[in-house]
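# Topology and contacts: notes
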Amino acid sequence: MATSANDQAHWSKTTRLMFAHLGVWLFFGYIIHMFVNVLNKVTIPVLGFPLGFYMAAQGSLIVFVIMLFMFAKQQDNIDREFGVAEDD
Amino acid sequence: MATQTTGADAFYKQLGRMYGMYTGGFVAFIILLAILEQLGTPNKILGYLFVFFTLAVYAVIGVATRTAQLSEYYVAGRRVPAFYNGMATGADWMSAASFVGMAGSLFLLGYDGIAWVLGWTGGFVLVSILIGPYLRKFGAYTVPDFMSFRFGGNFARFLAVIVLVCCSFTYVTAQIYGTGLIASRFLGMQFEVAVFAGLVGILLCAMLGGMRAVTWTQIAQYIVLIVAYLTPIVILSTKKYGIPIPELTYGQAIAEITAREGQMLKDGLAVLCTAASCPAGSLKPHIQPFINYSPLNYFGIIFCMMVGTASLPHILMRYFTTPSVREARQSVAWSLLFIFLLYFSAPAYAAFSKLEVYTNIIGQNVSSLKPWLFTWGELGLIQICGKNAPNIDAIIAACKAIPGHAGIVRLQDFVINTDVIVLSTPEIAGLPYVISGLVAAGGLAAALSTADGLLLAIANALSHDVYYKMIDPKAPTIRRLTVARVLLFFVAVCSAALASTKPGDILAMVGWAFSLAMAGNFPALVMGVWWKRATTAGAIAGMIAGFGLCLFYLVCSRYYPGIGVKYFGMTSLLNPITGLPITDVAKAMALPNAMESWPTLAHPLANKVGWFDLNNINCGLLGMPLGFLVIYVVSLMTPEPSKEMQAFVDEIRKPRGRTVLVEKD
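Residues numbered from 1 in each chain as written. Chains lettered and ligands numbered in written order. Predicted model: local features only at pLDDT ≥ 70, side-chain atom pairs only at ≥ 80, totals over all residues.

## Section: the overall build of chain B
The secondary structure content of chain B amounts to 26 helices and five strands. For a compact globule of 665 residues, the expected C-alpha radius of gyration is about 26 Å, and chain B comes in at 26 Å, within 12% of that figure. Looking at chain B as a whole, 56% of its 665 residues qualify as buried. If you take every contact in chain B between residues at least 6 apart in sequence, the share linking residues at least 24 apart comes to 81%. (Helix = DSSP H or I, 4+ residues; strand = E, 2+ residues; numbered from the N terminus. Rg over C-alpha atoms; globule rule 2.2 N^0.38 Å. Buried ≥ 20, exposed ≤ 12 C-beta atoms within 10 Å, placed from the backbone. Contact = placed C-beta atoms within 7 Å.)

In structure tokens:
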């Protein structure tokens, strides 16, 4: 039983989505925090946070939350496109 | 049967109304206690009312939702809606360490402490993208179920059970310890008695109803813990800055802390920690990165906590309970939102407390300190001038004993136990005792809910995987559930007994649980879903190698440091700011106790040696890559998996259709 062409297309699109999200995760989980000293030179107006500190304490977290709601939606769209989604 | 289904549907339709009423009832209860306090009810009675009322509610929910059906017991019938499963996961996830300990670590470590916040949130991205929904489609009762099906039977299952028990047991012991700590502090019980009292609460929820009962109580516990965590700092923020959103206002507090740090250095109240000299008690600026952890260990902690999240069985199994794969994904997003509410508030606690300490304690005359300090000093949790601070006279005497001390508190004179930060905030802010009681009830809810989830994971693995799948596959339903309950009880009593001995480095063990789960589970789970070519031999070799290396590194560096130095080339870890070794290995090796095994933390080598300056909390950083590599290499050396197995992997990648594994009820 070989994998059907439809399944293969579905999986390669799923894989691309996976790498895209892992890229964002890598950026906001690690890379941006490597520049914390540079970012800390900027202070967020009114609130008073140094930017590097803010990104670690709140910014990245907010990105993760938004990302997960987006991922649920995007993956569902892919599943529907290839007719492998569950019935509503 | 028909009426039963209708009854169940009505139950799910009414969830919103029920938990809405529950939340309203809880708020009314707080108000009632606040009125009682104004009428002169003693604090101790208020504390008891809080703890026993909330415990009673959890027990009632637990008993009311008890079940004798297998699929209800193991996966709550797979009917928990995404939103509510998210809430339950939030409570499952946030432990006593998150509730009580995290703000304290942020207070102590400043920016470097944020590694824990990042690590304990970002992992959910991996859960959703790489693992969770696929395991839901597979249709397992436990994580070892998946390992066994994908990787050729009971040996893989057995390895997965070992990983699960190792990481869950250390973790649950820490939770029961936390329960005992909170109960003893707020109820004045003896610690050992409090541990077993907490145990009763845990068992009432988990034992009768399995996953189903745990789910509905965890939702109730989440509501209590989040209200309890946010209330004190919302009030504090409103009092101080006029805006009830502490997450926004603590930016000003941080700016004030930085200004105050400069002032303290100028006034000679503190000594700056620099690369040249960094004595104990010297000032480490709050926002300056990489002075408590080296960049390697900072990013290592983030990575290990994230990947560990995606490998911990008690978290993964929560996503087995949703009605569909789609809802499993949505549920991960809801989980992180509910967890985020607490984690993005924790740095606010740290900042407000630090500002209070820096302005109202440091630089003040010893004789004019505020009374809240002494309630914690009495318990030995706050020290001034090197002595516990039970009252003013004691610390005046202690400071006088220091030559040249001017009677003004300096930074190096002040030591605070990190657990105090959250618990003392209501008193610092001058709030009524009812808020302190609320915080205690919240901490208890956090510890109980996590303990429930962990105990269930262990008991399910032992009853379902070991007893039913490996020992007696013909066992009837009733006997399987009885075995599950007996084992749950047995494991709970064991961990309570261990917790009551107050093992020293219990909180470090929580970090180890993540690394162990990551090294043992993550490569096999990811490769099992994402790489069809992964073979049984590859996965088994990878699990043994990855888990083995991680376990070796931490056991060796913690419990056999002498052997690690002598035979395995371990060297001293480095101080992140000065770059110097934190211990003199050559000198320590010459001591008579150098080769001692299972030494206490005071041993000059324990936890202080390793490879590449890698803290042993991060042992997963060694084990996980090795696990991936071994799975890859060994898989390519062995024949590719059967056509059926490859078709099975195709099947779990598609949400549509029945679950792959169908358990008969």
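## Points about the overall build of chain A
Regarding its fold elements, chain A presents three helices and zero strands. Relative to its length of 88 residues, chain A is extended, with a C-alpha radius of gyration of 19 Å against a globular reference of 12 Å. Projected onto the principal axes, the alpha-carbon positions of chain A cover approximately 60 × 25 × 15 Å. Expressed as a percentage of the 88 residues in chain A, the buried residues total 31%.

## Some words on the sheet that holds strand 1 (residues 382-384) of chain B
Residue and element names in this part refer to chain B. Strand order in the open sheet made by the three strands is 2-1-3, with antiparallel pairing throughout. Two strands lie at the open edges of the sheet, namely strand 2 (387-388) and strand 3 (414-416), each paired on one side alone. The pairing of strand 1 with strand 3 spans three bridges and is classified as antiparallel. Bridging from a neighbouring strand, Gln 383 pairs with Val 415 of strand 3. (Pairing = 2+ DSSP bridges.)

## Some details on the packing of helix 15 (residues 346-360) of chain B against helix 18 (residues 420-428) of chain B
All names here are of chain B. At a closest axis distance of 10 Å, the pairing of helix 15 and helix 18 adopts a crossing angle of 60°. By the angle between their directions, the pair helix 15 and helix 18 is classed as oblique. Read as a crossing pair, helix 15 and helix 18 show a hand that is left-handed. Residues Tyr 349, Ala 350, Ser 353 and Glu 356 of helix 15 lie in contact with helix 18, whose contacting residues are Ile 421, Val 422, Thr 425 and Ile 428. Residue composition of the contact of helix 15 with helix 18, grouped by class: five nonpolar, two polar and one charged. (Axes fitted to C-alpha atoms, helices over the stretch in contact; angles between N-to-C directions. Parallel < 35°, antiparallel > 145°, perpendicular 65-115°, else oblique. Left-handed = near helix turned anticlockwise from the far one by under 90°. Nonpolar A, V, L, I, M, F, W, Y, C, P; charged D, E, K, R; others polar.)

## Section: the interface of chain A and chain B
Quite often, the size of an interface is put as the accessible area lost when its parts meet. At the interface, 37 residues of chain A touch 41 residues of chain B. Those elements that provide at least two residues to the side of chain A that touches chain B are helix 1 (5-29), helix 2 (36-39) and helix 3 (51-81) of chain A. A total of 16 residues in the side of chain A that touches chain B trace back to one element, the largest contributor, which is helix 3 of chain A. Split by residue class, the side of chain A that touches chain B holds 24 nonpolar, nine polar and four charged.

## So, the packing of helix 22 (residues 536-559) of chain B against helix 25 (residues 620-637) of chain B
For any two helices packed against each other, one specifies the crossing angle of their axes together with the interaxial distance. All names here are of chain B. Two elements in contact, helix 22 and helix 25, have axes whose closest approach is 7 Å; the angle formed by their N-to-C orientations is 160°. Taken together, helix 22 and helix 25 sit at an angle that is classed as roughly antiparallel. Between helix 22 and helix 25 lies a crossing whose hand is right-handed. Judged by residue contacts, Ala 537, Gly 538, Ala 539, Ala 541, Gly 542, Met 543, Ala 545, Gly 546, Phe 547, Leu 549, Cys 550 and Tyr 553 of helix 22 engage Gly 620, Leu 622, Gly 623, Met 624, Leu 626, Gly 627, Val 630, Ile 631, Val 634 and Ser 635 from helix 25.

## Description of the environment of Phe 612 of chain B
Turning to its location among the elements, Phe 612 of chain B is positioned in the loop between strand 5 (609-610) and helix 25. C-alpha separation for the pair Phe 612 of chain B and Pro 285 of chain B, spaced 327 residues apart in sequence, amounts to 27 Å.

## Some points on the nonpolar core
Grouped together as the largest cluster of nonpolar side chains are 239 residues, with contacts concentrated most on Leu 68 of chain A together with Ala 206, Leu 225 and Leu 455 of chain B. Ranked by residue count, the leading element in this core is helix 10 (residues 191-241) of chain B, at 25 residues. Beyond its immediate chain neighbours, meaning those up to four positions away, Leu 455 of chain B contacts Val 172, Ile 202, Ala 206, Leu 488, Val 491 and Ala 492 of chain B. Counting residues in hydrophobic clusters, the runner-up holds eight residues, among them Val 565, Leu 573, Val 585 and Val 609 of chain B. (Core = buried A, V, L, I, M, F, W, Y, C linked by C-beta atoms within 7 Å.)

## Description of the confidence of the model for chain B
Residues and elements named next belong to chain B. Taken as a whole, chain B shows an average pLDDT of 89; of its residues, 98% reach a score of 70 or greater. Confidence over residues 1-5 falls short of pLDDT 50; this stretch has zero contacts with residues more than four positions distant or in other chains. Confidence estimates for the predicted assembly give a pTM of 0.93 and an ipTM of 0.96. (pLDDT = per-residue confidence, 0-100.)

## A look at helix 8 (residues 143-150) of chain B
Residues and elements named next belong to chain B. Of all eight residues in helix 8, eight are buried, a share of seventy percent or more. Along helix 8, the positions that sit buried rather than exposed are Val 143, Pro 144, Asp 145, Phe 146, Met 147, Ser 148, Phe 149 and Arg 150. Positive phi appears at Gly 152, one or two residues downstream of helix 8, with a value of about 65°.

## Topic: helix 3 of chain A
Of all the bends in helix 3 of chain A, the greatest, near 40°, is centred on Ala 57 of chain A. Two residues or fewer after helix 3 of chain A comes Gly 83 of chain A, characterised by a positive phi angle close to 65°. (Bend = angle between axes of the 7 residues up to and from the residue.)

## Some details on the environment of Leu 438 of chain B
Summarising the element assignment, Leu 438 of chain B is placed in helix 19 (residues 433-471). Once the C-alpha coordinates of Leu 438 of chain B and Gly 538 of chain B are considered, the two residues, 100 residues apart in sequence, prove to be 51 Å apart.

## What about the environment of Gln 412 of chain B?
Mapped onto the secondary structure, Gln 412 of chain B falls in the loop between helix 17 (392-400) and strand 3. In this structure Gln 412 of chain B touches Val 271, Gly 281 and Ser 282 of chain B, once residues within four positions along its chain are discounted.

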